[in-house]
Amino acid sequence: MDEVTLVKTRLQAGIWEGELYVPASVTDLPEIEVTYLDQPVQGHSLTEDPERDGVWFFRFVVPSEMINDGVQTFLMTDRETGRVLNSLSMIAGEGLSEDIRAEMDLLRQELDLLKRAFRRHCAETGSH
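The model shown is predicted, which means the values in this text are computed figures rather than measured ones.

Draft legend 1. Quick peek at the nonpolar core. Among the nonpolar cores identified, the biggest contains 19 residues, and Leu6, Phe58, Phe60, Phe74, Met76 and Leu88 are the most heavily contacted of them. Those elements that place two or more of their residues in this core are strand 2 (15-21), strand 3 (32-36), strand 6 (55-61), strand 7 (70-78) and strand 8 (84-92).

Printed below as a string of structure tokens:
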């Protein structure tokens, strides 16, 4: 593959970290832009991996003022081409009440409640 790729390695303490893979056929290192709601986000860095050719470490700090209720999405794009290299979506606060994951959690809790009630019923009536 002759495309630059950005692969997430981790998100820790509000810092998104990834590895940028640049094939030998690519002559210019892309300028990565991080945006939130189409606005640039400052506080990112790109440093070369001294042990692997064509691999760079990319990091950006998730600004605390951008963490709000609902879904927040940060895009990492090649500034020149506009191609999306990766993204980070975060879900927090009140927005979760309508999220499918919250619904699944609620369903699991209700299922556990029904299982306990059914087992209790079986134990009381001697049913198997």
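After presenting the structure, the write-up continues.
Draft legend 2. Inspection of a nonpolar patch on the surface at higher detail. Together, Ile100, Met104 and Leu107 make up a nonpolar patch on the protein surface, roughly 300 Å² of accessible area in all. Here Met104 is to be found in helix 1 (residues 100-125). Residue classification places Met104 among the partly exposed positions, given a relative accessible area of 38%.

Draft legend 3. Structural view of the environment of Arg52. For Arg52, the location among the structural elements is in the loop between strand 5 (44-48) and strand 6. Excluding residues within four positions of it along the chain, Arg52 makes contact with Glu19, Tyr21 and Phe57. Within polar-contact distance, the side chain of Arg52 engages the side chain of Glu19 at 2.7 Å. A polar atom in the side chain of Arg52 sits 2.6 Å from the side chain of Asp49.

Draft legend 4. Just the sheet that holds strand 4 (residues 39-40), in detail. Strand order in the open sheet formed by four strands is 4-3-7-8, and the pairing between neighbours is antiparallel. Only two strands of the sheet have a single partner each, and these edge strands are strand 4 and strand 8. In terms of strand pairing, strand 7 meets strand 8 through eight bridges, oriented antiparallel. Of the residues in strand 8, the one forming a bridge with Val71 is Ile91.

Draft legend 5. Region of interest: the side chain of Glu19. Position of Glu19 among the secondary structure elements: in strand 2. In this structure the side chain of Glu19 is engaged in a polar contact, spanning 2.4 Å, whose partner is the side chain of Tyr21. The residues contacting Glu19, other than those within four sequence positions of it, are Thr5, Leu6, Val7, Thr9, Arg52, Val55, Trp56 and Phe57.

Draft legend 6. Local environment of the pattern of salt bridges. All chains considered together, the criterion is met by eight salt bridges. In this structure, Arg52 engages Glu19 in a salt bridge whose closest nitrogen and oxygen atoms are separated by 2.7 Å. Residue Arg52 is located in the loop between strand 5 and strand 6, and its partner Glu19 is located in strand 2; the two are separated by 33 residues in the primary sequence. Here Arg52 falls in the partly exposed class, since its relative accessible area comes to 33%. Residues Glu31 and Arg79 are paired through a salt bridge, measuring 3.2 Å at the closest nitrogen-oxygen approach. In this pair, Glu31 sits in the loop between strand 2 and strand 3 while Arg79 sits in the loop between strand 7 and strand 8, placing the two residues 48 residues apart along the sequence. Taken together, the shared-partner salt bridges in this structure form one network comprising Arg10, Glu17 and Arg59.

What counts, and where the lines are drawn
Residues numbered from 1 in each chain as written. Predicted model: local features only at pLDDT ≥ 70, side-chain atom pairs only at ≥ 80, totals over all residues. Heavy atoms only, no water. Core = buried A, V, L, I, M, F, W, Y, C linked by side-chain atoms within 4.5 Å. Buried < 20%, exposed > 50% of the residue type's maximum accessible area, 1.4 Å probe, protein only. Helix = DSSP H or I, 4+ residues; strand = E, 2+ residues; numbered from the N terminus. Patch = residues over 30% accessible without salt bridge, like charges linked within 9 Å, V, L, I, M, F, W, Y side chains within 5 Å. Areas by Shrake-Rupley, 256 points an atom, 1.4 Å probe, with all protein chains shown as cover. Salt bridge = Lys/Arg side-chain N within 4 Å of Asp/Glu carboxyl O. Contact = heavy atoms within 4.5 Å. Polar contact = N/O pair within 3.5 Å; in protein donor to acceptor, adjacent residues only side chain to side chain. Pairing = 2+ DSSP bridges.

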